[in-house]
Amino acid sequence: PRLCITLDETADEGADRRRLRRLIERLAAAPGDRAVELTLRLRDGRRQRLGLPAVAVSDALLDELCALLGVLGRSELAGDPAHVSSPGEAREYAAATG
């Protein structure tokens, strides 16, 4: 599965640029063989998809992405609901699977 990351655009362009830069820097620090797809959800409702260099996925990386994205995004391994970074979704998955 590929690593799918979604990031929401906000009204604060400077903060958005910093968040995106930190995200790309963190991913660049973990080169590997897992394809990465970044989707930017723009304020006007459009979505922009970007392919990023492949990474080595680890629990530590997924935890860092969760912290970095916060409520403004999510990351997940496509097809693997056990690895969703959105805290609410992770709780829902845990409750559903008991």
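Heads up: the structure comes first, above all this text.
Colleague: Which parts of the structure should I look at to understand the overall build of the protein chain?
Modeller: Helices and strands together make up the secondary structure of the protein chain, namely three helices and five strands. Starting at the N terminus and ending at the C terminus, the protein chain contains elements arranged as β-α-β-β-α-β-β-α. Counting across all 98 residues of the protein chain, residues that qualify as buried make up 33%. Taking the contacts inside the protein chain whose residues are at least 6 apart along the sequence as the reference set, 55% of them involve residues at least 24 apart.

Colleague: Please explain the pairing of strand β2 (residues 31-41) as it appears in this structure.
Modeller: The side chains of a regular strand alternate between the sheet's two faces. Looking at chain direction, strand β1 (residues 3-8) and β2 are connected through six bridges and run parallel. Following the sheet pairing, D8 is matched in β2 by R41. Chirality of the crossover, the property in question, places the unit of β1, helix α1 (residues 13-28) and β2 among those that are right-handed. Pairing of β2 with strand β3 (residues 47-55) involves eight bridges; the strand directions are antiparallel. Looking at β3, one finds that P31 is bridged to V55. Once β2 ends, the chain turns through five residues before running back antiparallel as β3, passing G45 with a positive phi of about 95°.

Colleague: Sorry if this is basic, but what is going on with the nonpolar core here?
Modeller: Taken as a class, soluble globular proteins show a tendency for nonpolar side chains to be buried jointly. Counting residues in hydrophobic clusters, the biggest one holds 16 residues, and the most contacted among them are L3, I5, L23, L27 and L65. Listing elements by their share of this core, those giving two or more residues are β1, α1, β2 and α2 (59-69). Aside from chain neighbours lying at most four places away, what touches L65 is L3, I5, L23, L27 and S75.

Colleague: So what exactly am I meant to see when it comes to the pattern of salt bridges here?
Modeller: Here the idea is simple: oppositely charged side chains can pair when their charged atoms come close. Under the defined criterion, the tally for this structure stands at nine salt bridges. The partner of E25 in a salt bridge is R21, with the nearest N and O atoms 3.7 Å apart. Taken together, the positions of E25 and R21, both in helix α1 and four residues apart, correspond to about one turn of that helix. Under the relative-accessibility criterion, E25 is labelled partly exposed at 47%.

Each value, and the rule that gives it
- Residues numbered from 1 in each chain as written.
- Predicted model: local features only at pLDDT ≥ 70, side-chain atom pairs only at ≥ 80, totals over all residues.
- Heavy atoms only, no water.
- Helix = DSSP H or I, 4+ residues; strand = E, 2+ residues; numbered from the N terminus.
- Buried < 20%, exposed > 50% of the residue type's maximum accessible area, 1.4 Å probe, protein only.
- Contact = heavy atoms within 4.5 Å.
- Pairing = 2+ DSSP bridges.
- Right-handed = clockwise from strand over helix to strand, strands pointing away.
- Core = buried A, V, L, I, M, F, W, Y, C linked by side-chain atoms within 4.5 Å.
- Salt bridge = Lys/Arg side-chain N within 4 Å of Asp/Glu carboxyl O.

Read these as layout, nothing more, since geometry by itself doesn't imply function.
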